[in-house]
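A look at the structure
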Amino acid sequence: MRRLEEIVSWHAVQEVAHWLERADPPRSENATPILAVVQALAWHLRVGGGWRSLPSGMPPWRTVYGWFRRWAGLGLFERMMRDLTRLRRRAEGRKPNPRLTIIDTQTVKCLSVRGPRGFDAAKRVIGRKRVAMVDADGNWLAVAVVPASVQ
């Protein structure tokens with residue numbers, strides 16, 4: 001079963017790399033291959049930690065982080081998730097864009113290390129709110145983190 005997970009993961013990384021390369025092709029022939037960058041991003045998402053802790057077999061952390069910031073700034077990850085949701089909806093026999101969405105929030109306690117935080121009077125919690133919007137089938141449409149004081 002572990003081997004099947006690795007194969008699926010490898011194919012997913014290849015699909016994401018191919019999609020990103022079509023959306024934002026490298027400008028130089030000497031650029032780090034997109035597949036290697038996406039593999040490093042997948043490792044970073046799976047393991048977590050600092051950017052500098054990427055293993056030695058991967059591209060330099062500054063390169064990976066630079067590509068990540070570029071793609072995030074261009075909104076490519078959001079566009080990729082939107083395309084994926086549309087494909088899933090079509091595969092289920094639905095229209096590409098949903099007519100019904102469900103919004104849910106969850107207040108989480110946090111320290112004032114980074115990011116916004118506020119006071120949720122209803123829960124009596126100082127922290128942040130995780131806000132998720134999904135369609136009727138449970139496909140994610142949007143995710144946001146806001147101060148807990150936002151209603």
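First things first, this report covers the structure right here in the doc.

**Let's talk about the packing of aromatic side chains**
Summed over the entire model, instances satisfying the criterion amount to 5 aromatic pairs. Ring centres of Trp67 and Trp71 lie 5.2 Å apart, and the angle between their planes is 40°; this geometry places the pair in the tilted category. Of this pair, Trp67 and Trp71 both sit in helix α3 (residues 61–74), separated by 4 residues, roughly a single helical turn. Since its relative accessible area comes to 14%, Trp67 is described here as buried. Trp71 sits in the buried class, given a relative accessible area of 0%. On the basis of an interplanar angle of 85° and a centroid distance of 6.3 Å, the ring pair of Trp71 and Phe77 is categorised as edge-to-face. Ring pairing ties together the aromatic residues Trp51, Tyr65, Trp67, Phe68, Trp71 and Phe77, which thus form one cluster.

**Some words on the pattern of salt bridges**
By the definition in use, this model includes 3 salt bridges. Taking the shortest distance from any N to any O, the salt bridge between Arg70 and Asp24 comes out at 2.7 Å. Of this pair, Arg70 sits in helix α3 while Asp24 is found in the loop between α1 (2–23) and α2 (34–47), placing the two residues 46 residues apart along the sequence. Between Asp137 and Arg94 there is a salt bridge, with its nearest N and O atoms 2.7 Å apart. Within this pair, whereas Asp137 is found in the loop between β3 (125–135) and β4 (140–147), its partner Arg94 is found in the loop between α4 (76–91) and β1 (101–109), the two being separated by 43 residues in sequence.

**Structural notes on the pairing of β3**
Looking along a regular strand, one sees the side chains alternate between the two faces of the sheet. Alignment of β1 against β3, held across 9 bridges, turns out to be antiparallel. Among the inter-strand pairings, Gln106 is bridged to a residue of β3, identified as Arg130. As judged from the 3 bridges shared by strand β2 (residues 118–120) and β3, these two strands associate in the antiparallel manner. When the bridges of β3 are listed, Phe119 appears paired with Ile126. The antiparallel hairpin formed by β2 and β3 contains 4 residues in its connecting segment, where Arg124 sits at a positive phi of about 60°. Examined bridge by bridge, β3 and β4 share 7 bridges and lie antiparallel to one another. Residue pairing in the sheet places Arg130 in a bridge with Val145 of β4. Two successive antiparallel strands, β3 and β4, enclose a turn made up of 4 residues, where Gly138 displays a positive phi of approximately 95°.

**Remarks on α2**
The end-to-end C-alpha distance of α2 is 20 Å, a good match for the 20 Å that 14 residues give at a rise of 1.5 Å each. Listed in full, the buried residues belonging to α2 are Ile34, Val37, Val38, Ala40, Leu41, Ala42, Trp43 and His44.

About the thresholds
Residues numbered from 1 in each chain as written. Predicted model: local features only at pLDDT ≥ 70, side-chain atom pairs only at ≥ 80, totals over all residues. Heavy atoms only, no water. Phe/Tyr/Trp six-rings, centres within 6.5 Å; stacked < 30°, edge-to-face > 60°. Helix = DSSP H or I, 4+ residues; strand = E, 2+ residues; numbered from the N terminus. Buried < 20%, exposed > 50% of the residue type's maximum accessible area, 1.4 Å probe, protein only. Salt bridge = Lys/Arg side-chain N within 4 Å of Asp/Glu carboxyl O. Pairing = 2+ DSSP bridges. Expected span 1.5 Å × (residues − 1).

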